[in-house]
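# An overview of the molecular structure
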Amino acid sequence: MRTTRLAVIHAARALALAAALTLALGAALGLGACASQTDLNHLYKRGIKAARADDWDTAMKDLEQFGAVACVGPRPDRRCRETFLAVGRGREQLGAPAGAWAAFDHALSLPPHERDPAVQADLARAQQEVVDKLKQSAEHGPLLIRYRDEMPDEYNLHSVTVSIDFEPVVTRDKNAGDLHSPDFMQIYAGPVPAGQHVLVVDAIHNCKTGQSVPCARSELHRAWSFDSAPHEPTTLELRGYADPGADGQPAKPTAAMTKR
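Here's what I pulled together on the structure shown here. Bear in mind the structure is a predicted one, so any value in this text is a computation, not a measurement. (Residues numbered from 1 in each chain as written. Predicted model: local features only at pLDDT ≥ 70, side-chain atom pairs only at ≥ 80, totals over all residues. Heavy atoms only, no water.)

### A short note on the overall build of the protein
Regarding its fold elements, the protein presents 6 helices and 8 strands. A total of 260 residues make up the protein; the buried ones form 43% of that total. Considering only contacts within the protein whose residues lie at least 6 apart along the sequence, 67% involve residues at least 24 apart. Per element, the accessible surface of the protein, about 13,800 Å² overall, is 53% carbon and sulfur. (Helix = DSSP H or I, 4+ residues; strand = E, 2+ residues; numbered from the N terminus. Buried < 20%, exposed > 50% of the residue type's maximum accessible area, 1.4 Å probe, protein only. Contact = heavy atoms within 4.5 Å. Areas by Shrake-Rupley, 256 points an atom, 1.4 Å probe, with all protein chains shown as cover.)

In structure tokens form, the structure reads like this:
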């Protein structure tokens, strides 16, 4: 009975977190069009202060908004690493280890790297929590993954690997360039346990010869979390694209995930 009650509590907290993140993202989209540096500074300072006080509702709202504006594109704000670390701790506290894993993983990609071992320990703990939660799920739902490569012409998709819950489910190292298409292409279909999941994309883009624009070989790594419900289909659309380079620098490959 205690186990069942705890499971219900954690599920309710996870649903509340998902709703909060949706509201934060909507607010961030509105903020992004007119955000000043003063607005961003206020969000960051208030969010970090709330996180240190374990006020996770305020922390998550402010830091998610800050991250959605200041931590995208080729030049993320220098405070983004601390932002994602706090977001990861908040998601973990609110019963969303998959989202926590994605946030810790993002933090590891950002400087400074002096405390990487501690973040890797956070990552390992969140990963074990994801695995343990999924083992408790007795029901499944169908998952469909679609991919579209939208890189500019100077880039060529050399390979792409998609992992679900830390296990590769798709590897394209031959004919990966076929994914460069105006339409999404299905690359995976199969069942997954109902619950919280982590999706990771690793892609390598080489430079085509004879191009007149700057280009640099890229090894892309991105992670997201998503939820699946029992017996309900989940469709994930992955887009590989590039952020424009600044001051004559090459465009920087990145990726986005949309859940349908």
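### Some points on the sheet that holds strand β6 (residues 218-228)
An order of β3-β2-β5-β6 is seen for the 4 strands of this open sheet, with the pairing classed as antiparallel. Each having just a single partner strand, β3 (167-172) and β6 make up the two edges of the open sheet. Here the strands of the sheet are splayed against their neighbours by 20° on average, with no regard to which way each runs. Sheet analysis places strand β2 (residues 155-164) next to β3, joined by 5 bridges and oriented antiparallel. Of the residues in β3, the one forming a bridge with valine 162 is valine 170. With respect to the sheet, helix α5 (residues 97-108) is in contact with β5 (195-207) and β6, its orientation differing from that of β6 by roughly 165°. (Pairing = 2+ DSSP bridges. Axes fitted to C-alpha atoms, helices over the stretch in contact; angles between N-to-C directions.)

### Notes on the sheet that holds strand β1 (residues 140-149)
Read from one edge to the other, the open sheet built from 4 strands follows the order β4-β1-β7-β8, with strand pairing classed as mixed. Strands at the two margins of the open sheet, each flanked by one partner only, are β4 (185-193) and β8 (252-259). Shown here is a sheet whose adjacent strand axes are inclined to one another by a mean of 20°, direction ignored. Bridge count between strand β7 (residues 234-243) and β8: 8 bridges; the pairing is antiparallel. What sits directly across from arginine 239, in β8, is alanine 256.

### Considerations on the pairing of β1
For β1 and β4, the ladder comprises 8 bridges, and the chain directions are antiparallel. Residue pairing for β4: histidine 140 is matched across the bridge by proline 193. In the sheet, β1 pairs with β7 via 7 bridges, with the strands oriented parallel. Within β7, the residue paired with tyrosine 147 across the bridge is leucine 238.

### Digging into the pattern of salt bridges
Under the counting rule described, the total for this entry stands at 13 salt bridges. Across the salt bridge formed by aspartate 247 and arginine 75, the nearest N and O atoms sit 3.5 Å from each other. Of this pair, aspartate 247 sits in the loop between β7 and β8 while arginine 75 sits in the loop between α3 (56-70) and α4 (80-93), and the two are 172 residues apart along the sequence. Like aspartate 247, the residue arginine 75 is exposed in the burial classification. (Salt bridge = Lys/Arg side-chain N within 4 Å of Asp/Glu carboxyl O.)

### A look at helix α2 (residues 37-52)
Turn by turn, an α-helix covers 3.6 residues, leaving residues three or four places apart pointing in a common direction. Its 16 residues place the ends of α2 22 Å apart at the C-alpha level, agreeing with the 22 Å of an ideal helix rising 1.5 Å per residue. Every buried residue of α2 is listed here: Leu40, Leu43, Tyr44, Gly47, Ile48, Ala50 and Ala51. For α2, the arc enclosing every buried residue in end-on projection is 160°, short of the 170-degree limit, so these residues lie on one face. Set apart from the buried face of α2 by more than 90 degrees, the exposed residues are Thr38, Lys45, Lys49 and Arg52. Following α2 by one or two positions, aspartate 54 has its phi on the positive side, about 60°. (Expected span 1.5 Å × (residues − 1). Arc of directions from axis to C-beta.)

### Side note on the nonpolar core
With 35 residues, the main nonpolar core has Phe66, Trp101 and Phe104 as its most contacted residues. Of all the secondary structure elements, the ones that give two or more residues to this core are α2, α3, α4, α5, α6 (116-135) and β5. No other element matches α5, which puts 7 residues into this core. Of all hydrophobic cores here, the second largest spans 23 residues; its members include Val170, Ala176, Trp224 and Phe226. (Core = buried A, V, L, I, M, F, W, Y, C linked by side-chain atoms within 4.5 Å.)

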